[in-house]
Amino acid sequence: MPFDSLCSRPRAMFRALALSALALALGLQLGLGGLTPALAATPKTAAATLPVPIPLGNLLPQPQMVKAGTGQAPFLLNAQVPVLAPEGLAGPAQSLAQTLGLRLKLAPSSTAGAARIRFEQDPSVGKVAGAYRLQIKPDEILIQAAENSGAFYATQTLLQLLPQEAKLTAASAGFELPAVDINDAPRFEWRGIMLDVARHFHDVRRVKRVIDNMAFYKLNRLHLHLSDDQGWRLAIKAYPKLSTVGGRGDHSRPDAPAQFFSAEDIRSIVRYATERYIEVIPEIDMPGHSGAAARAYPEFFDGLVTFNPAKPETYRFIDTLLGELVELFPGRYIHFGGDEVWVEKTRWAQMPEVLAMAQDLTPAGQAPQMKFVEAEFARRMVQLIQKHKRVPIGWDEVIAAGLQDNMIVQWWRMDHPEMVLAALKQGQAVILSPSDRMYLDYAAGLGEPGAPWEGNTGGPVSVEKIVAWEPMPVGLSEAQQEKVLGIEAPLWTENVRSESYLEFMLYPRMAAVAEVAWRQQAQSEPKAFVKRLAPHIARWKAQGVNVRGNREDAHQYRLH
Ligand code: ACM
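In this text, all values refer to a predicted model and were calculated from it rather than measured experimentally.

Draft legend 1. Structural context of the nonpolar core. Ranked by internal contacts, the top residues of the largest apolar core, which has 159 residues, are Leu77, Ile117, Phe119, Leu242 and Phe336. Apart from the residues lying within four places of it in its own chain, the contact partners of leucine 77 are Leu100, Leu102, Ile117, Leu162, Leu168, Gly174, Phe175 and Leu177.

If you want it as structure tokens, here you go:
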């Protein structure tokens, strides 16, 4: 079948059309007189050592409490300043010392020496994971946290206050840091970004750069969408054709050579993320959106892009796959997809064994219904993932199909807000990714690069729109609110085929996502937030990142 018809996410086609229209409009506007290249190239800002420290009032996400030490002398950070830390906080202390070029001394409670950066393990600093206190005094920077992630976030706040190239040498004059007392803690435990590496592959180096930025903004979940119709991006020993055959092609080039992560690549990503207190969640999208796996092992599929749910071998295949997945991803979660199965578009109804399964699952006296098969498939995914001692996650269609099992539901369909309460009432936990607020593949401004929006009357997914969002649904009991784990912003990559494009879509919106995930409630006034963002954009620019600046310059960016 033609490759295009494999792209079952309907948004994709819509986007391609509108993107061409946009390209045409821009081409004309810029006097390029054609469709390609869509956007005029501008020279990359020289990767620089420009000092762009973030002022106290512009820290992002905004800390819960910032008390400037008015009248106090600043702290002078130079190469002689040691980093002192107890064993319990050695990880974040070590990485800070390394970043700044300072000596680390593992000393339980030493206050010796002149000026110093001192880590202190203090169980009383906030009850939630990630809480910290950072005090900058004339003779000491004191970081207090109950556990490592909190201490790490304190270091990220400190790094925001420093120029981006803050590695000290004996010859450097050093940096002055303002006296301040910061008390901080996150609101949500789940502060995520999803990166689709299936539609267009994004390699280890790119993923690590995303991780660096996530860490800087205190995000802590990286969800990798590893498989879809356009490509399978993970080497699996038991089923090598998944990557060698399924890895071929991408959304732009169905004939592209195979692109995928090796086991060593994944280990390297996971290690890098773990050092930055980020958990990596693998997603294998099933039973639909599986065209790449179907090209590699058609015997487990319906002849199109959807698994054959009535074949015992299908479940053995998935079980083996999960066995390798848990070896590669030591985190707590596995995402099995479950979205957009659209049973009427599958061949299930023409397959006698699936019809028989549907008949078995449908209440007596009714015609067989495929939605019961969809729910049964999802139920078996939940059971298999639990057998492998991981927590299953699925997109919200799985509960629309009737799944009630203990799992995490990722809500994305903004036109089905009732799914959130339905999941909570069933005792399931929820991650909020409503497409009109969190989908970073959608344009950040009207007529800008990115996917257009179908069905959204609320305008582009702008920074302002993201920060104006209060994610917690109204009317929930306290127990239900606790089951709302947090938010996650997916970046689907049907259009996003280059690092420039990736950066354009992620930055600066990633900082807005972090703000919503971290702050206590919807207190960010959009216009004020945009002002607070300015030095962050300057910093990204100074790093040579293809960050979206503002509406005026948004059309000048490189996408290729
Ligand atoms: C999705 O956007 N299909 C989860």
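Draft legend 2. Spotlight on the pairing of strand E12 (residues 279-286). Counting buried residues in E12 gives 8 out of 8 residues, a clear majority hidden from the surface. Burial along E12 is two-sided: the residues Glu279, Ile281, Glu283 and Asp285 and Val280, Pro282, Ile284 and Met286 are all buried. Two strands pair when backbone bridges link them, and strand E11 (residues 221-225) and E12 are joined in this way by 5 bridges, in the parallel orientation. Each residue of the ladder has a partner; that of leucine 222, found in E12, is valine 280. Direction of pairing for E12 relative to strand E13 (residues 333-337): parallel, over a ladder of 2 bridges.

Draft legend 3. Representation of the pattern of salt bridges in the model. Enumeration according to the criterion identifies 26 salt bridges in this entry. In this structure, glutamate 494 and arginine 199 form a salt bridge, with 3.5 Å as the shortest nitrogen-oxygen distance. Remark: arginine 199 occurs in the loop between strand E10 (190-196) and helix H4 (204-216) and glutamate 494 occurs in the loop between strand E17 (484-491) and helix H16 (499-506); sequence separation between them is 295 residues. Here glutamate 494 matches arginine 199 in class, with each residue buried. Between arginine 379 and aspartate 405 there is a salt bridge, and its shortest N-O distance comes to 3.7 Å. Of the two residues, arginine 379 is situated in helix H10 (residues 370-387) and aspartate 405 in the loop between helix H11 (397-400) and strand E15 (408-411); the sequence distance between them amounts to 26 residues. Residue arginine 379 is classed as partly exposed on the basis of its relative accessible area of 24%.

Draft legend 4. Layout of the packing of helix H8 (residues 312-328) against H10. At their nearest, the axes of H8 and H10 sit 10 Å apart, and the two run at 35 degrees to each other. Crossing of H8 over H10 shows right-handed handedness. Touching Tyr315, Ile318, Asp319 and Leu322 of H8 are Phe377, Arg380, Met381, Leu384, Ile385 and Lys387, all from H10. Looking at side-chain class alone, the contact of H8 with H10 contains 7 nonpolar, no polar and 3 charged residues.

Draft legend 5. Fine view of empty space enclosed by the protein. Under the criterion given, the structure shown has 1 cavity of 30 Å³ or more. Of the voids in this model, the largest cavity is the one considered here, and its volume is about 50 Å³. Considering the residues around the largest cavity, the lining is formed by Arg206, Arg209, Val210, Asn213, Glu499, Leu502, Glu503, Leu506, Tyr507 and Val545. Taken together, the elements giving at least two residues each to the lining of the largest cavity come down to H4 and H16. Broken down by class, the residue content of the lining of the largest cavity amounts to 5 nonpolar, 1 polar and 4 charged.

Draft legend 6. Looking closely at the sheet that holds E17. Here 8 strands make up a closed barrel; going around it, the order is E10-E11-E12-E13-E14-E15-E16-E17 and the pairing parallel. Averaged over all neighbouring strand pairs, the angle between strand axes comes to 30 degrees, with direction disregarded. The sheet contact formed by strand E16 (residues 429-432) and E17 spans 3 bridges and is parallel. Counted as the bridge partner of isoleucine 431 is glycine 486 from E17.

Draft legend 7. How the structure looks around the side chain of histidine 202. Looking at the element boundaries, histidine 202 is found in the loop between E10 and H4. The class for histidine 202 is buried, based on a relative accessible area of 0%. Of note is the side chain of histidine 202, whose polar atom sits 2.9 Å from the side chain of arginine 206. Separated by 3.1 Å, the side chain of histidine 202 and the backbone oxygen of valine 496 make a polar contact. Leave out the neighbours within four places in its chain, and histidine 202 touches Asp196, Val197, Val207, Phe261, Thr493, Val496, Arg497, Ser498 and Leu502.

What counts, and at which threshold
- Residues numbered from 1 in each chain as written.
- Predicted model: local features only at pLDDT ≥ 70, side-chain atom pairs only at ≥ 80, totals over all residues.
- Heavy atoms only, no water.
- Core = buried A, V, L, I, M, F, W, Y, C linked by side-chain atoms within 4.5 Å.
- Buried < 20%, exposed > 50% of the residue type's maximum accessible area, 1.4 Å probe, protein only.
- Contact = heavy atoms within 4.5 Å.
- Helix = DSSP H or I, 4+ residues; strand = E, 2+ residues; numbered from the N terminus.
- Pairing = 2+ DSSP bridges.
- Salt bridge = Lys/Arg side-chain N within 4 Å of Asp/Glu carboxyl O.
- Axes fitted to C-alpha atoms, helices over the stretch in contact; angles between N-to-C directions.
- Left-handed = near helix turned anticlockwise from the far one by under 90°.
- Nonpolar A, V, L, I, M, F, W, Y, C, P; charged D, E, K, R; others polar.
- 1 Å grid on protein atoms, 1.4 Å probe; cavity = no way out; pocket = protein on both sides within 12 Å on 5 of 7 lines; lining within 4 Å.
- Points joined across faces, edges and corners; volume = space filled by probe spheres on them.
- Polar contact = N/O pair within 3.5 Å; in protein donor to acceptor, adjacent residues only side chain to side chain.

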